[in-house]
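Below, each chain spelled out in residue letters.
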Amino acid sequence: MGDKIEFFDSHFHIWDVTEGGVHDKSILFAPNGNQIYTVALYENDLKQCQENNFKHTGGVFVEAMSVCFPATSAKDHQEKCIEEAKWSSDNLLHKSENKYLIVASACLEDPNVVQTLLKLSNISGVKGIRQIINFEPSWPRNKASGDLLKDENFCNGFSKLEKFNLTFDIQLNPHQFQNAYSLISANPKTKVVIDHFGSPSLEMLQNNFESFWVGLQKLSTLNNVYLKLSMLCYIDKEWDNNEFLIGVFRKGIELFGVQRCFFASNYPVDGAPSNGSWSIQRIMSGFQKIVIHYSKSDNKMQG
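This write-up is about the structure you can find in this document. (Residues numbered from 1 in each chain as written. Predicted model: local features only at pLDDT ≥ 70, side-chain atom pairs only at ≥ 80, totals over all residues. Heavy atoms only, no water.)

## With respect to empty space enclosed by the protein
Defined as follows: A cavity, in this analysis, means grid points on a 1 Å lattice covering only the protein atoms where a 1.4 Å probe fits yet has no way out; a pocket is instead an open set bounded by protein on both sides within 12 Å along at least five of seven lines, and a residue lines either one if it has an atom within 4 Å of a point. Grid points are joined across faces, edges and corners, and a volume is the space filled by probe spheres set on the points. Ten residues, namely Ala, Val, Leu, Ile, Met, Phe, Trp, Tyr, Cys and Pro, are considered nonpolar, four, namely Asp, Glu, Lys and Arg, are considered charged, and the remaining ones, Gly among them, are considered polar.
Counted according to the given criterion, the structure contains one cavity of 30 Å³ or more. Taken together, the residues that form the lining of the largest cavity break down as six nonpolar, one polar and one charged.

Listed below in structure tokens is the structure:
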């Protein structure tokens, strides 16, 4: 089969949903009954990628805190964000030989967010920030916070990321693309990663593709914006058997170029029964379908 292709997983999670644990057990789940999903469990799951001729070399831990504790105010939530970052740093950087980076969480709408960003930037391994901002359909914390891209405090907080040399993972809905473009274009030195292919629905892609595509196309014109192909089961739990979607994903890669696109397992989320119980082997096989016409050097999947 030749040399294995390196896979640096650009989006995965570990968490603790024990009683009194770091995360919100009412929101997150216990993968295969494990209330603490450790780096060891994650790496064991990723061993499946060897069946697809891949070698797992590490990855980017992406926060889960911005979906937790929806009743907590932005100000009070900051301490939970710091707690998660410290916990993930202790677990990832000292209990594995693989290379890991950390994308922590912060509530950018907090007027005092600079204090949080300073603390996070001093935690070993932290390279970026993610905040889930999907609004209508809204994710748990966004029901109360509203559309953060229209929040002056959030936009001001976003502008502070450059000072700490932090990237930003943006999880949003397609109808928010235009406001995202305005914010990102005003902050050209901050690298931004669009999570989960922009979170479109299958219905939108089938019936209103132009609306999605125009927004994504506009974001692609910004050289500091990258596209992550992950959680594709959010669009269709059988996406690997959907030739229309395979074509859409290829168009996305062509739009941004292979150097600005990442693949990611989104484990353990994609493995949940509610998302179709995707195995790592099936995820990787699906990715191979998307990139089958690219060269091996282009196929080196990393974040």
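## Brief notes about the pattern of salt bridges
Think of it this way: side chains of opposite charge can pair up when their charged atoms draw near. The condition that has to hold: Any Lys or Arg side-chain nitrogen located within 4 Å of an Asp or Glu carboxyl oxygen qualifies as a salt bridge. Residue burial is assigned from relative accessible area. The probe radius is 1.4 Å, only protein chains are included, and a residue is buried under 20% of its type maximum, exposed over 50%, and partly exposed in between. By definition, any uninterrupted DSSP run of H or I lasting at least four residues is a helix, any uninterrupted run of E lasting at least two residues is a strand, and each is numbered from the N terminus.
Enumeration over the complete set of coordinates arrives at nine salt bridges. The shortest N-O distance in the salt bridge between Glu 19 and Lys 25 comes to 2.3 Å. For Glu 19, a relative accessible area of 66% corresponds to the exposed category. On the accessibility criterion, Lys 25 (48% relative accessible area) is partly exposed. Ionic pairing is found between Glu 238 and Arg 282, a salt bridge with its closest N-O pair at 2.8 Å. Here the residue Glu 238 occupies a position in the loop between β9 (225-229) and α9 (243-256), and Arg 282 occupies one in helix α10 (residues 280-290), the gap between them amounting to 44 residues. Connected through salt bridges with shared partners, the residues Glu 63, Arg 130, Asp 169, Asp 195 and Lys 228 form a single ionic network.

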